[in-house]
Amino acid sequence: MSHSIPAHSALLRLLCAVARAELRDADQRTLDALRPGDLDRATLPTALFRHGLVPLATRHLLDGGRAHALPSVVRLWMSAVTKASTAKQTRALIRLKTITGAAAAAGLDVMPYKGALLGHQLYDDFAMRQQGDVDLLVRPAHAEAVIRLLLDVGLRATSGVDADGGVPLTRHRHACVFADPDNGQLFDVHWRLRDRMY
């Protein structure tokens, strides 16, 4: 007689197991114990996407030989999302290289954090971190020059920047947002952790 894990419990176990670069023995046992029907095909994609785990789940489930426990529609969706995420990350890294090179040439300190950099540090693969935007840290004294530089390299300001490239109340604001007009990739420029209220 086969025992099935309740759907909510199976989902939680799967999310916890796949959220690592390498599976521990206990994680492998958890994933190997999954059976068809343990996971809800409507809930699983939403949970994986919301928690940014689609690329890691693809690595551990599909590439790891555990695809049997997943409905075919979910397997196809995971493959497509992972492929799109990798392409997006690659485009973002190419643009990031242009930005950091131009900033270095201008004597401006720009440091990426989270995103692909974190994916590389944690998983030894930039594409394993499902990305939304690219976060850049800059020195407060460099904020306005970096903003002009981003406009010069072709990014479009979407939030927190005037039409002329100025940032209203830079001493109070903490960030502004730019988009790559070619693909919509967002770049958040932070010169402070949060807005100042005084």
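Reading the values: the criteria
- Residues numbered from 1 in each chain as written.
- Predicted model: local features only at pLDDT ≥ 70, side-chain atom pairs only at ≥ 80, totals over all residues.
- Heavy atoms only, no water.
- Axes fitted to C-alpha atoms, helices over the stretch in contact; angles between N-to-C directions.
- Helix = DSSP H or I, 4+ residues; strand = E, 2+ residues; numbered from the N terminus.
- Parallel < 35°, antiparallel > 145°, perpendicular 65-115°, else oblique.
- Left-handed = near helix turned anticlockwise from the far one by under 90°.
- Contact = heavy atoms within 4.5 Å.
- Nonpolar A, V, L, I, M, F, W, Y, C, P; charged D, E, K, R; others polar.
- Buried < 20%, exposed > 50% of the residue type's maximum accessible area, 1.4 Å probe, protein only.
- Arc of directions from axis to C-beta.
- Pairing = 2+ DSSP bridges.
- Expected span 1.5 Å × (residues − 1).
- Salt bridge = Lys/Arg side-chain N within 4 Å of Asp/Glu carboxyl O.
- Polar contact = N/O pair within 3.5 Å; in protein donor to acceptor, adjacent residues only side chain to side chain.

Peer 1: So what exactly am I meant to see when it comes to the packing of helix H4 (residues 54-62) against helix H5 (residues 72-105) here?
Peer 2: Packed helix pairs are characterised by how far apart their axes lie and by the angle those axes make with each other. As a packed pair, H4 and H5 sit with axes 9 Å apart at the nearest point and diverge in direction by 125 degrees. Judged by the angle between their axes, H4 and H5 are oblique. As H4 packs across H5, the resulting crossing turns out to be left-handed. Every residue of H5 that contacts H4 at Val54, Pro55, Ala57, Thr58, Leu61 and Leu62 is listed here: Arg75, Trp77, Met78, Ser79, Val81, Thr82 and Ser85. Across the contact of H4 with H5, the residue classes tally to eight nonpolar, four polar and one charged.

Peer 1: Please explain helix H3 (residues 43-50) as it appears in this structure.
Peer 2: What sets the pattern is the α-helix's 3.6 residues per turn: residues three or four places apart point alike. Listed in full, the buried residues belonging to H3 are Leu44, Pro45, Ala47 and Leu48. Seen from one end, H3 has its buried residues packed into an arc of 165 degrees, which puts them on one side. Where H3 terminates, the next one or two residues include Gly52, which has phi positive at roughly 70 degrees.

Peer 1: Would you mind going over the pairing of strand E2 (residues 133-138) with me for this structure?
Peer 2: Consecutive side chains along a regular strand alternate between the two faces of the sheet. Both strand E1 (residues 110-113) and E2 contribute to a ladder of four bridges, which runs antiparallel. From the neighbouring strand, Val110 faces E2, where its bridge partner is Val138.

Peer 1: Please clarify how H5 should be interpreted in this entry.
Peer 2: Between the first and last C-alpha of H5 there are 50 Å, a value that for 34 residues agrees with the 50 Å anticipated at 1.5 Å per step. Regarding H5, the residues found buried are Val74, Met78, Val81, Thr82, Ser85, Gln89, Ala92, Arg95, Leu96, Ile99 and Ala103. A positive phi of about 75 degrees marks Gly107, the residue just after H5.

Peer 1: Got a minute to help me understand the environment of Leu48 in this structure?
Peer 2: Topologically, Leu48 is positioned in helix H3. The spacing of Leu48 and Met78 is 30 residues in sequence and 9.1 Å in space, taken between C-alpha atoms.

Peer 1: For this particular structure, what's the right way to read the sheet that holds E1?
Peer 2: Strands pair in a sheet through their backbones, by hydrogen bonds, and they do so in one of two ways: parallel or antiparallel. Taken in spatial order, the five strands of this open sheet run E1-E2-E5-E4-E3, and their pairing is mixed. With one partner strand each, in any of the chains shown, E1 and strand E3 (156-159) form the two edges of the open sheet. Direction aside, the axes of adjacent strands within the sheet are offset by 35 degrees on average. As paired strands, strand E4 (residues 175-179) and strand E5 (residues 186-190) are joined by five bridges and run antiparallel to one another. Across the sheet, the residue bridging to Cys176 is Val189, located in E5.

Peer 1: Honestly, the pattern of salt bridges in this entry has me stumped. Any pointers?
Peer 2: Two side chains bearing opposite charge may form a pair once their charged atoms approach each other closely. Going through the model one piece at a time under the given rule, you end up with seven salt bridges. Put simply, Arg24 and Asp27 hold a salt bridge, and the shortest N to O gap is 3.1 Å. The class of Asp27 is buried, set by a relative accessible area of 5%. A salt bridge links Asp32 to Arg66; the shortest N-O distance between them is 2.7 Å. On the criterion of sequence distance, the pair formed by Asp32 in helix H2 (residues 25-32) and Arg66 in the loop between H4 and H5 is long-range, its members being 34 residues apart. You can call Asp32 partly exposed: its relative accessible area is 39%. Connected via shared salt-bridge partners are Arg20, Arg24 and Asp27.

Peer 1: Before we go on, may I ask you to explain the side chain of Arg66 in this structure?
Peer 2: The exposure class of Arg66 is buried, given its relative accessible area of 11%. Looking at Arg66, its side chain comes within polar contact range of the main-chain oxygen of His60, at 3.0 Å.

Peer 1: Can you walk me through the packing of H3 against H5 in this structure?
Peer 2: Direction vectors running N to C along H3 and H5 enclose 20 degrees, while the axes themselves pass 10 Å from each other. It follows that H3 is roughly parallel to H5 by the angle criterion. Regarding H3 and H5, the two cross each other, and that crossing is right-handed. For the pair H3 and H5, contact is made by Leu44, Pro45, Leu48 and Phe49 and by Val74, Trp77, Met78 and Val81, respectively. When grouped by side-chain class, the residues that make up the contact of H3 with H5 number eight nonpolar, no polar and no charged.

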